[in-house]
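A look at the structure
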Amino acid sequence: MFSKLRRQPDAGLIGALLLSYAVMVLAGALGWVIPFALAGLAAIGGELTLLRRPAGAELLEKAGIGQLHRHLARDLAVVLLIVTALRPGPTALVLVLLLPAVLLALALGTGVLARLGERGAAAVAFVRNIDLGGSSGAPRPPAWAVAVEGERLPLLNLLLVPAAVVAVLADEVAPVVLTAAVTLVAGALVAAVLALTWLRGRGRATSALPVVQSWLAREQPDLALYFAGPVKDVYQANMWLAPVEATGRRAVVLMRQEEAFRALADTRLPVVCVPAGTDFMNLELGSLRAALYVANVGANIHLLREPGVKHVFVGHGDSDKQASVNPYSKVYDEVWVAGPAGRERYALSGVGVLDRDIVEIGRPQLAGVHTFGSAATDRPFTVLYAPTWEGWLEEEVYHTSVVLMGERIVAGLIATPGVRVIYKPHPLTGSRSAKARSVNDRIVRRIRAAGGQTDATSLTGRAHLVVTGRAPGLFDCFNQTDLLVSDISSVVSDFMQSQRPYVVANPAGLPEDEFRRRYPTARAAYLLGADCGELAKIVAVTRAGDDPMTEARRELKTYLLGPDEPNPMDRFRAEVDRLCG
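Read on for an overview of the structure. Per chain, the residues get numbers from 1 upward, laid out in the order the sequence is written. In view of the model being predicted, local features appear only for residues whose pLDDT reaches at least 70, and side-chain atom pairs are presented and counted only at 80 or more, with totals across whole chains, interfaces and linings using the full set of residues. Excluded from the side-chain calculation are hydrogens and water; included are all heavy atoms of the structure.

**So, helix α17 (residues 434-449)**
Counted at 1.5 Å a residue, the expected span for α17 with its 16 residues is 22 Å, and the 23 Å between its end C-alpha atoms agrees. Buried, partly exposed and exposed residues are distinguished by accessible area as a fraction of the type maximum, computed with a 1.4 Å probe on protein chains only: under 20%, between the cut-offs, and over 50%, respectively. Where helices and strands are cited, they refer to DSSP runs of H or I of at least four residues and of E of at least two residues respectively, numbered from the N terminus. Residues Ala436, Val439, Asn440, Ile443, Val444 and Ile447 constitute the buried set of α17. For α17, the buried positions fall inside an angular range of 140 degrees around the axis, keeping them on one side. Opposite its buried face, α17 presents the exposed residues Lys435 and Ala449, each directed more than 90 degrees away. N or O atoms within 3.5 Å of each other form a polar contact, as long as, within protein, one can give a hydrogen and the other can take it, and as long as residues adjacent in sequence are counted only when both atoms are side-chain atoms. Between the side-chain oxygen at the start of α17 and the backbone nitrogen of Lys435 there is a gap of 3.3 Å, and the oxygen is on Ser433. Of the residues trailing α17, Gly451 is marked for its positive phi of about 90 degrees. Under the convention used throughout, the expected extent of a helix is 1.5 Å for every residue step, that is, one less than its residue count. By construction, the arc corresponds to the directions joining the helix axis to the C-beta atoms.

Encoded structure:
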């Protein structure tokens, strides 16, 4: 476990946090207020940082050093310091010992109340664009109460650390007693809110599901877009909303996580989110004829078990990444890809997807991407840097260009007169790698220092931009781009629709022929080595319009995205109609 801990991105943070608690306990036992204060400050900072680093907190839980254990260590250190340094009387000593203990008891109670509430709330279907006739199911507690219930509630006692330091310096136990009383009142308020919510919701837990079932029986949807992933991956579902809506079918979006449901982009499609697997499997979905899956996740099984449905994997973009030929794809009746490249990928991978089950539909999402020279431009020469993320595996050090090349790429572009940079990192950048997160932050600061906008909501103007929100979208950025710099990802395949020049990073330094053979999407690309030495020349050539890769891009577009006619939306609609009848 500890060898694994050393390899984690948050290992330094975890080590510092554990050391700070050890120093707090020792300093408390010896009555050393200054070391206690410094260690306490480090512990508070570490705990607040862990709230934003769920991976580090999860690792501590697995190591048996969860929140509750750390709370006990902190409160023990506070009590030791007060007893050793102030030697309080019997009444004060009882209060110092009792008040933090009562808050811990309240924490356990609020955890139980929250779980009781979730039993009712989990049975509620969250819906959008569907009239439930006033049925809302069980009431839900306020978000602020949910945020601090259970093992998170004793975080309030972080305030005891500075209170203990003040008490020792003032030679008076009152600051600790008063602070503990205030946190206890706050904890009691949380417990009261959760208890009232649970009492109000008893007997109403399942009222929404029958109404949703009635809607399904009445409307008889025949097409489902299914997404069971977390909120961080909701962009995968967003890209299919418009194409599904454009089919004109009686379609429904089926989701499984409330946070992802809340973050789903605007759509006129009816949306149903049923988090609990048993509740979802109890829905009668007999009217469905086809289900489209945008990602391979375990909860797909809850719909895959429906025998009368044609199950189709549509994914969230074709690329040369290994994820584009996942062996999981064997479970689907059909796999829809953009063009011949997708079909060839599966044939070469040998993962068991049969050629007869592959259908080429193009990329219906790309209808709004302007082709090269189709629109007049009155803006600076614009370079879009849209790298992929660091990937799931620690060994994939060359998965993204951000860590090894990102700063050099952005610095070189900013230093080129007359060039505007749009930086749009992958939504998951930095979610696994602390290095990627740190480099991403430095790139953003560099763009800000160059006068750029780091929270851009519009692509107009001449300033450098950082685009991270839902809007502007990636395809909006394509229409403002003269040159793309990216990695091996579906961004490259989709950008091929524009027929504009593009650069693919080669951080591993593979020989050019080997790189293009291994990654067919790079066949018409300018390649960029880890030192970025070719960047200035590439910008100069493409900016002058003397682009030798034009014909290669035209040929590659057909290979990656399929023919222009019939157009992808018509092909997508025809395939949906074939399955739905």
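**A look at the packing of aromatic side chains**
What counts as a ring pair is set by centres within 6.5 Å for rings of Phe, Tyr and Trp (its six-membered ring), and what kind of pair is set by the plane angle: stacked under 30 degrees, edge-to-face over 60, tilted for all other angles. Using the criterion set out here, one finds 12 aromatic pairs in the structure. Considering the side-chain rings of Tyr293 and Tyr332, the 5.2 Å spacing of their centres and the 45 degrees angle between planes classify their relative orientation as tilted. Here the residue Tyr293 occupies a position in strand β5 (residues 290-293), and Tyr332 occupies one in the loop between β6 (310-313) and β7 (334-337), the gap between them amounting to 39 residues. No difference in accessibility class separates Tyr293 from Tyr332, as the two residues are buried. Taken together, a centroid distance of 6.0 Å and an interplanar angle of 90 degrees make the contact between Trp336 and Phe572 edge-to-face. In this pair, Trp336 is assigned in strand β7 and Phe572 in helix α23 (residues 568-580), connecting sequence segments 236 residues apart. What makes Trp336 buried here is its relative accessible area of 3%. Connected via pairs of aromatic rings, a cluster forms that spans Tyr226, Phe280, Tyr293, Phe313, Tyr328 and Tyr332. Over the ring of Phe280 we find Arg256, and its NZ or CZ is 4.5 Å from the ring centre. The criterion for a charge sitting over a ring is simple: Lys NZ or Arg CZ within 6 Å of the ring centre, and within 35 degrees of the ring normal.

**Looking at the sheet that holds β7**
The rule for pairing is simple: two strands pair if DSSP sees at least two bridges between them. Here eight strands make up an open sheet; going across it, the order is β1-β4-β3-β2-β5-β6-β7-β8 and the pairing mixed. Both outer strands of the open sheet, β1 (126-128) and β8 (358-360), are each paired with one neighbouring strand and no more. Adjacent strand axes in the sheet meet at a mean angle of 25 degrees when their direction is disregarded. Summarising the sheet, β7 and β8 pair through three bridges and their orientation is parallel. Looking across to β8, one finds that Trp336 is bridged to Val359. Angular values range over 0 to 180 degrees, each being the angle between N-to-C directions of two axes fitted as lines to C-alpha atoms, with helices fitted over their stretch in contact.

**Some remarks on the environment of Pro275**
Residue placement: Pro275 occurs in the loop between β4 (271-273) and α13 (277-281). Along the sequence, Pro275 and Arg363 sit 88 residues apart, while their C-alpha atoms lie 30 Å from each other.

**Section: the pattern of salt bridges**
Whenever Lys or Arg places a side-chain nitrogen within 4 Å of a carboxyl oxygen from Asp or Glu, that contact is recorded as a salt bridge. Summed over all chains, the structure comprises 24 salt bridges. A salt bridge links Glu47 to Arg70; its shortest N-O distance comes to 2.7 Å. Of this pair, Glu47 sits in helix α3 (residues 33-50) while Arg70 is found in helix α5 (residues 67-86), placing the two residues 23 residues apart along the sequence. A relative accessible area of 2% places Glu47 in the buried class. Take Arg70: its relative accessible area is 3%, and that puts it in the buried class. Arg268 is the partner of Glu245 in a salt bridge, and the nearest nitrogen-oxygen pair spans 2.6 Å. With Glu245 in helix α11 (residues 235-246) and Arg268 in the loop between α12 (258-263) and β4, this residue pair connects regions lying 23 residues apart in the sequence. Glu245 sits in the partly exposed class, given a relative accessible area of 25%.

**What to know about the nonpolar core**
Counting 44 residues, the largest nonpolar core has Met24, Phe36, Val78, Ile82 and Val176 as its most contacted members. Broken down by secondary-structure element, the contributors of at least two residues to this core are α2 (11-30), α3, α4 (54-62), α5, α6 (90-121), α8 (160-170) and α9 (174-201). Those residues in contact with Met24, other than ones at most four positions away along the chain, are Phe36, Ala39, Gly40, Ala43, Arg74, Ala77 and Val161. In this structure, Phe227, Met239, Leu269 and Val359 belong to the second largest nonpolar core, which totals 35 residues. Here, nonpolar core means buried Ala, Val, Leu, Ile, Met, Phe, Trp, Tyr and Cys residues that are tied together by side-chain atoms lying within 4.5 Å of each other. Contacts are residue-level and defined by heavy atoms, with any inter-residue pair within 4.5 Å sufficient.

As far as function goes, none of this settles anything; it's purely spatial.
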